[in-house]
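Secondary and tertiary structure notes
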Amino acid sequence: MLRALTRPLAILLGGAAILVYFVPHQAGQWVEARLVDWLVLLQAAALVAGILALIRRQLARVRSGSLSQRIYPMLMLGSMAAMLIAGLFGTTAATAFGALYGSVLQPIQASMLSLLAFYMASAVFRSFRLTSAPATILLISALVVLLARIPLGEQMIPRISVFATWIIRGPNVAATRGLWIGMGLAAVATAFRVILGVQGPSGGGRS
Amino acid sequence: MTRIALVWVLLPSVIASQPFDMASPVDSLNATTQMPAAATADFPSDTLAPNPVESLVVLDAPNDAGGVIDLFWTPSLDEGLGKATVGGYEVLRAESPEGPFLSLVTLGPGTDRFRDRTAFRGTPYYYVVRTNSQSGSHSDSRVSQAALSKSQWLDTNRLSVMGGIMVILLVLLVTRRLPDEQEWLLPAARTLTEILSRRHQGPTVYIPGTAGFGDMGTIASLTLLEQVLRLGERETGDPIVYTSDPMAHALASELLPRHTPDFLSPDPLIFSLSFTGEALRQRPGVGVVVGGMGAEAFLLSEALSRSGGVAVAGTTDIGETPFLVATCDLTLIGEEILLAGPVLAPGGCRAAGLVQDRLKLLVWILILVGVAAAKLGVSWYVRLFSTGGE
Amino acid sequence: MRISYLGLLASLSRIDRRIIYLLVACAVALPLLAASTTRLIPAEESQSFHRAIAQLAEGETVLLAVEYNAGTAFELEPMVVTLVEEVFSRNARMVVSCFDAQGVGLVEETIAELAAASGKTYGTDWVFLGYRPSAPGVIISLATAPYAVFPRDHRGNSLSDLPLSSSLSGYADYQLVAVIASGTTAQDWVIYGTGRFHAPIIVGLGGGIGPTFQSFIDARTITGLIAGLRGAAEYEQLAGRPAEALRALSAQSTAHVLLVLLIVVGNASFFAARWLERTPY
């Protein structure tokens, strides 16, 4: 029953979202404000659902795993509960929540993104190979941009930043624009297919 | 041509929705000078007073929800000259021509326009622009005619966008099937089919990106997931799906027939690290990471690469694509992400590639004509694509 | 003998990745211990970014849209710090919105400290809206109905009661919108903020996605751009406020040099291995 309503609802709401773009009248703004409200609310509600799914999964791992496998899910659930309880008593820097945020979450987050540098160096060592003409062009461009973005590079090769700027503003912009245009066209076409139910995650095209 | 046709179709509604003052500011300036002179506001001035501003025109701002009134005037003749050098202009407003006039804003010399955003829709307002001299004297313009702000039903600045959308819709509707069952080739999609149809050591894992549902990559990725499910059914079984965005999680749950996806974390970085652990434990045969992703795309693809499986990736965040090319066996670039799902789908959606070809051909022509127009100094062509301001 | 050297070189391709990790750690950490700053040649787009802030007049308002958390703060927080200092030094005002749920505390703390140092009052000189999910939805709402999505600020005050935010109506309230973002939010701002509502935008980005935004600079969709630590350092230099980014640039320099060396050694090792494979003895 609900699935039968999906397509008309998708056409109605998707169509409305497109239409209000062309209607500056306050009636159009009212419709748009409601659509955006729903979007924000749905996102927030989905976040709750997602966190519940996460808790369910961790609980299942606690129940079914061996002792060593239980440690991480238990740690995760414990941390979640600790933050939740601490948050009940205020979220400013002076509270327990603030202390957990500043001395646990922030350092963890900072370390996690820094892993990117390590992974990238390892990937660069393994993958950047002069195996063909295109790979050579890629590699030379990468070397030029890498050196030009640091003061040392500018000191070593004075005109390198001119070449790097040309790479970024010339071939890079040209390729990016091409990709943006292609993606933009495909995105509009995809949106229409989803709204009209020809395909898409609304269930229209399931085979 | 389409735009001209579109304008003809929409013209009656455009006319019906426009307030009295849709003429351009220049036209209106001319019209105002021919109007009978309104009463001058009774404001004191002295012998050193500068010349007042001329031709004060007030217009309802076009293409808005009302509440905005535009004022245009010809600056004082004393601008930059003589003993009463202009020090600035003050805009005053009243709800009746007799006043009382209240000051709205003080503007610098040389100003010839002001946008009043504090008006109430449907209330008539009267304006006076006061010219202040540097010596402290001032003179007032004539009181403007009544200005009434209204909501408009159609934003004429956006007709070009409407035209573009209608053209895309038209191409979509016309290109519903491939002619004579011709196959439209998307090399990346073909390679992906080959990868998924092969037997692999480990399971297939799938990540529909980490971006929210507002990202087209997420929607495209979920469409691709349907095809990955179908193609891998025989050899590799259902993929294990890991999600980061809650909305994507809800929709992926709908798509998976036999089990639910694993929601690892709403934070992209924590998600990536959790997935790294999962990938090293699961040792997937194939890993597909496609959707909207930022810097974490690289962490995810590196995790797949380390786990030893065939890595397939693609992100709508173009800046991250080079990293994926360096680490993955197959990278979907740009529009391939959006097209892979429909192109792989059996039946009606295979024409998606052909639609894309036709649209790109159209864009090519538009760009070439634009280059020629710019070379020839034809400016109206570029204005066709403008969407104005709000 | 020649072969053994080649063999050694070829064996480098099988080097344990943990050795590379160690080299990266040293390359980044050691220069930070010896703090030094260098003079940079700022890019055009960095100059435009700085100019947009430098042209603010007293009493004008900036909307600062921030998206970062502790993970991405290393290159984005220096941008925010310099920008906020500049805005406050011009006696301009600021409405701040955060697009990263986990960065809310960090962003508020940073700006509150800077505001206190500049003697600025909350509610009059700056307001912190906080976080709401769905970046596109928030960007549209800020243009059409700000109070619908933010009836209260992050501290629980009614927005209409605060002097700075008592009459918000859309992007026309702001002289400038400054977007400092690590992720896809910057794209959302270009699509919805500029594309649809013509908000005057300057953008500060993570280094990785900086080059893709170059086309928006050329098309004048955005008026200024700083990307990565280099962009942040250029902005610090232009603003005459040398700080964290300029100091950290030396670490980035050695890391870049290491990457160049790794590429060279990786290729040398690759070709040595290939040559040995083809040589019959």
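This text follows the structure it describes.
To keep things clear, this report deals only with the structure shown in the data block.

Basis of the calculations
- Residues numbered from 1 in each chain as written.
- Chains lettered and ligands numbered in written order.
- Predicted model: local features only at pLDDT ≥ 70, side-chain atom pairs only at ≥ 80, totals over all residues.
- Heavy atoms only, no water.
- Helix = DSSP H or I, 4+ residues; strand = E, 2+ residues; numbered from the N terminus.
- Buried < 20%, exposed > 50% of the residue type's maximum accessible area, 1.4 Å probe, protein only.
- Contact = heavy atoms within 4.5 Å.
- Areas by Shrake-Rupley, 256 points an atom, 1.4 Å probe, with all protein chains shown as cover.
- Salt bridge = Lys/Arg side-chain N within 4 Å of Asp/Glu carboxyl O.
- Buried area = accessible area lost by both parts, 1.4 Å probe.
- Polar contact = N/O pair within 3.5 Å; in protein donor to acceptor, adjacent residues only side chain to side chain.
- Nonpolar A, V, L, I, M, F, W, Y, C, P; charged D, E, K, R; others polar.
- Axes fitted to C-alpha atoms, helices over the stretch in contact; angles between N-to-C directions.
- Left-handed = near helix turned anticlockwise from the far one by under 90°.
- Core = buried A, V, L, I, M, F, W, Y, C linked by side-chain atoms within 4.5 Å.
- Pairing = 2+ DSSP bridges.
- Patch = residues over 30% accessible without salt bridge, like charges linked within 9 Å, V, L, I, M, F, W, Y side chains within 5 Å.

This part covers the overall build of chain A. When helices and strands are counted, chain A shows seven helices and zero strands. In sequence order, the secondary structure elements of chain A are arranged as α-α-α-α-α-α-α. Burial statistics for chain A: of 207 residues in total, 37% are counted as buried. Counted over contacts in chain A with a minimum sequence separation of 6, partners at least 24 positions apart contribute 23%. For chain A, the accessible area works out to roughly 11200 Å², and carbon and sulfur atoms hold 76% of it.

In this section: helix α8 (residues 185-194) of chain C. Burial runs high along α8 of chain C: eight of the ten residues are buried. Burial in α8 of chain C covers these residues: Thr185, Ala186, Gln187, Asp188, Trp189, Val190, Gly193 and Thr194 of chain C. Residues of α8 of chain C that are buried sit in contact with α7 (160-196) of chain A together with β1 (61-67), α6 (135-144), β4 (176-181), β5 (201-205) and α9 (214-218) of chain C.

Moving on: the pattern of salt bridges. Tallying each qualifying case throughout the model produces 21 salt bridges over all chains. For the salt bridge of Arg169 of chain A with Glu44 of chain C, the shortest nitrogen-to-oxygen distance reads 3.8 Å. Here Arg169 of chain A, found in helix α7, pairs with Glu44 of chain C, found in helix α3 (residues 44-54), and the two come from separate chains. For Arg169 of chain A, a relative accessible area of 27% gives the class partly exposed. A relative accessible area of 57% means that Glu44 of chain C is categorised as exposed.

Okay, the environment of Ile139 of chain C next. Residue and element names in this part refer to chain C. By secondary structure assignment, the location of Ile139 is in helix α6. By relative accessible area, which is 0% here, Ile139 ends up buried. The residues touching Ile139, leaving out its near neighbours within four places in the chain, are Phe99, Tyr171, Asp188, Trp189, Tyr192, Gly193 and Phe197.

Moving on: the interface of chain A and chain B. In this complex, chain A contributes 55 residues to the contact, which on the side of chain B involves 66 residues. With both chains or domains summed, chain A and chain B bury close to 5500 Å², and 72% of this area falls on carbon and sulfur atoms. The interface formed by chain A and chain B holds three salt bridges in total. Our count for the chain A to chain B interface comes out at ten residue pairs in polar contact (both at pLDDT 80 or more). Every element with two or more residues in the side of chain A that touches chain B is listed here: α1 (2-19), α2 (26-64), α4 (96-127) and α7 of chain A. It is α7 of chain A that provides the largest number of residues to the side of chain A that touches chain B, a total of 17 residues. Of the residues contributing to the side of chain A that touches chain B, the split by class is 34 nonpolar, 15 polar and six charged.

Phi is positive for Asn63 of chain B, close to 55 degrees, though the residue is something other than glycine. Inspection of the secondary structure puts Asn63 of chain B in the loop between β1 (54-60) and β2 (69-74). Look at Arg220 of chain C: it is not a glycine, yet its phi comes out positive at around 60 degrees. With respect to the secondary-structure elements, Arg220 of chain C resides in the loop between α9 and β6 (224-227). Residue Arg220 of chain C is classed as exposed on the basis of its relative accessible area of 73%.

Next up on the list: the packing of α2 of chain A against α6 of chain C. Between α2 of chain A and α6 of chain C, the shortest axis-to-axis distance is 10 Å and the interhelical angle comes to 145 degrees. Once α2 of chain A is placed against α6 of chain C, the crossing between them reads as left-handed. Between α2 of chain A and α6 of chain C, the residues in contact are Gln29, Glu32, Val36 and Leu39 of chain A and Gly137, Ile140, Ser141 and Thr144 of chain C, respectively. Counted by class, the contact of α2 of chain A with α6 of chain C contains three nonpolar, four polar and one charged residues.

What follows covers the nonpolar core. Counting residues in hydrophobic clusters, the biggest one holds 122 residues, and the most contacted among them are Leu64, Met94, Tyr171 and Trp189 of chain C. Among the elements that make up this core, the one with the highest residue count is helix α4 (residues 73-89) of chain C (eight residues). The next biggest cluster of nonpolar side chains, apart from the first, holds 31 residues, and it includes Met120, Ala123 and Leu139 of chain A together with Tyr21 of chain C.

Our focus in this paragraph is the interface of chain B and chain C. Between chain B and chain C, the contact holds 16 residues from the first and 14 residues from the second. The interface formed by chain B and chain C includes one salt bridge. We note a salt bridge from Arg17 of chain C to Glu302 of chain B, for which the minimum N-O separation is 3.3 Å. Taken together, chain B and chain C are joined by one residue pair in polar contact (both at pLDDT 80 or more). For the side of chain B that touches chain C, the residue count by class is two nonpolar, five polar and nine charged.

All names here are of chain C. Spatially, the six strands line up as an open sheet ordered β3-β2-β1-β4-β5-β6, and their pairing is parallel. If you trace the sheet from one side to the other, it starts and ends with β3 (126-131) and β6, each paired once. Averaged over all adjacent pairs, the angle separating strand axes in this sheet is 15 degrees, with direction ignored. With six bridges connecting them, β1 and β4 associate as parallel partners. Residue pairing in the sheet places Glu67 in a bridge with Ala181 of β4. Together, β4, β5 and β6 form the strand contacts of α3, whose direction differs from that of β6 by roughly 120 degrees.

Moving on, we come to a nonpolar patch on the surface. Residues and elements named next belong to chain A. On the surface, Leu9, Leu12, Leu13, Trp38, Leu41 and Leu42 cluster together into a nonpolar patch covering about 620 Å² of accessible area. Only α1 and α2 provide two or more residues apiece to the nonpolar patch. Along the chain, Leu9 turns up in helix α1.

Let us look at the pairing of strand β8 (residues 204-207) of chain B. All names here are of chain B. Side-chain alternation along β8 places Thr204 and Tyr206 on one buried face and Val205 and Ile207 on a second face that is also buried. Sheet topology places β8 next to strand β11 (residues 286-291); four bridges connect them, and they run parallel. For Ile207, the partnering residue across the bridge sits in β11 and is Val289. Bridge count for β8 against strand β9 (residues 240-243) is two bridges, and the pairing is parallel. Along β9, the bridge assignment pairs Val205 with Ile240.

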